[in-house]
Amino acid sequence: MSLWLDARQRAMLAAMGVRVWQPTPTVITPSPEAAPVPAPRARAPAPAAPVPERPPAAKPAAAPVAAPVAAPVPRQPLPAGLSQMDWRGLEEAASVCQACGLCETRQRSVFANGQRLDNAARTDWLIVTDPPTEEEERNATLVLGTEGELLDAMLAALGLSRQAAQASPSVTVVPVLKCRVPDNRNPHPDELQQCRAYLARQVALLQPQVILAMGRWAVQSVLSDTSAQLAALPLGKQRGQVHQFANTPVVVTYTPQSLLRTPLDKAKAWADLCLAHSLTRRP
Ligand code: SF4
């Protein structure tokens, strides 16, 4: 529809109260005074600016000397024949192992504490704990101080001791990782994976009647052969049942450190120890 309204249409809209605006066509007539726009003149070339004398090139500043960075220790595969080693050979292999990054910050490896740790060793209880702390590394002893006192008291209630020489039933404590984890960070999965070979060989040599896996990292390592899904569960959901590692019954429980933080869990830990005790042949 054309937007142009004739006089009659405009009168009808006006009668309806609709006001419309109709543009009036404008005819533009050129002004006689308008001077023709001259064509632009070609721009005369500007005189060449004097070329400043190039200043002498500045001497590049000497790059800051970077502090020497310690070259990372190249990773090595796990020692050949590890699964055939005797106790002493295995301990020596761990002390120089370079199969994971923890070898770079290791002062010394912590292999095991307990009774009768010789090549003919057997144990009744094998306790797998967290990786060694700085203090444990320094002393080459696991579960020290208040935590150690709590563990010893709980073991004593079952007639067990990790100190008494030639005690029966015997108790051996091993760390899940033989080398300390720096800066209190969590162990990496590949570190747990690599070091599990040492743990498996320790179990094969010690032939424990029961394994008590204490804490998240020990449990993760020990149960990962059974089921990765099970190993990833919170510890509270893994305890109260008997698992298996290398054909050995496994009971899961809290670390003494965790029990000191959450004393309400002590009753559960005691129930775990009683469950482990029920799996041993000797009272
Ligand atoms: S933590 Fe275990 S695998 Fe890693 S370097 Fe130490 S002994 Fe070897």
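Treat the numbers as computed from the prediction; the structure is a model and nothing was measured.

**Considerations on the pattern of salt bridges**
The full count for this structure, using the stated rule, is 7 salt bridges. Here glutamate 191 and arginine 185 are joined by a salt bridge, their closest N and O atoms 2.8 Å apart.

**Focus: helix H2 (residues 87–95)**
All buried positions along H2 are accounted for by Trp87, Leu90, Ala93 and Ala94. The buried residues of H2 occupy an angular sector of 125° when projected down its axis, which confines them to one face.

**A few points about the side chain of glutamate 136**
Looking at the secondary structure, you find glutamate 136 in helix H3 (residues 134–139). No salt bridge forms around the buried glutamate 136; measuring N to O, its nearest opposite-charge neighbour arginine 162 is 7.4 Å away. Within the local environment of glutamate 136, its side chain forms a polar contact with the backbone nitrogen of valine 143, the two atoms lying 2.8 Å apart. Filtering out sequence-adjacent residues up to four positions away, glutamate 136 remains in contact with Val110, Pro131, Thr141, Leu142, Val143 and Leu144.

**Regarding helix H5 (residues 189–206)**
The terminal C-alpha atoms of H5 lie 25 Å apart, and with 18 residues this matches the ideal 26 Å at 1.5 Å per residue to within 8%. Its axis deflected by about 35° at arginine 196, H5 carries its strongest bend there. Considered for burial, the residues of H5 that qualify are Glu191, Leu192, Cys195, Arg196, Tyr198, Leu199, Arg201, Gln202, Val203, Leu205 and Leu206. Where H5 ends, the next residue or the one after it, glutamine 207, has phi of about 45°, a positive value.

Conventions adopted
Residues numbered from 1 in each chain as written. Predicted model: local features only at pLDDT ≥ 70, side-chain atom pairs only at ≥ 80, totals over all residues. Heavy atoms only, no water. Salt bridge = Lys/Arg side-chain N within 4 Å of Asp/Glu carboxyl O. Buried < 20%, exposed > 50% of the residue type's maximum accessible area, 1.4 Å probe, protein only. Helix = DSSP H or I, 4+ residues; strand = E, 2+ residues; numbered from the N terminus. Arc of directions from axis to C-beta. Lys, Arg positive; Asp, Glu negative; His and termini not counted. Polar contact = N/O pair within 3.5 Å; in protein donor to acceptor, adjacent residues only side chain to side chain. Contact = heavy atoms within 4.5 Å. Expected span 1.5 Å × (residues − 1). Bend = angle between axes of the 7 residues up to and from the residue.

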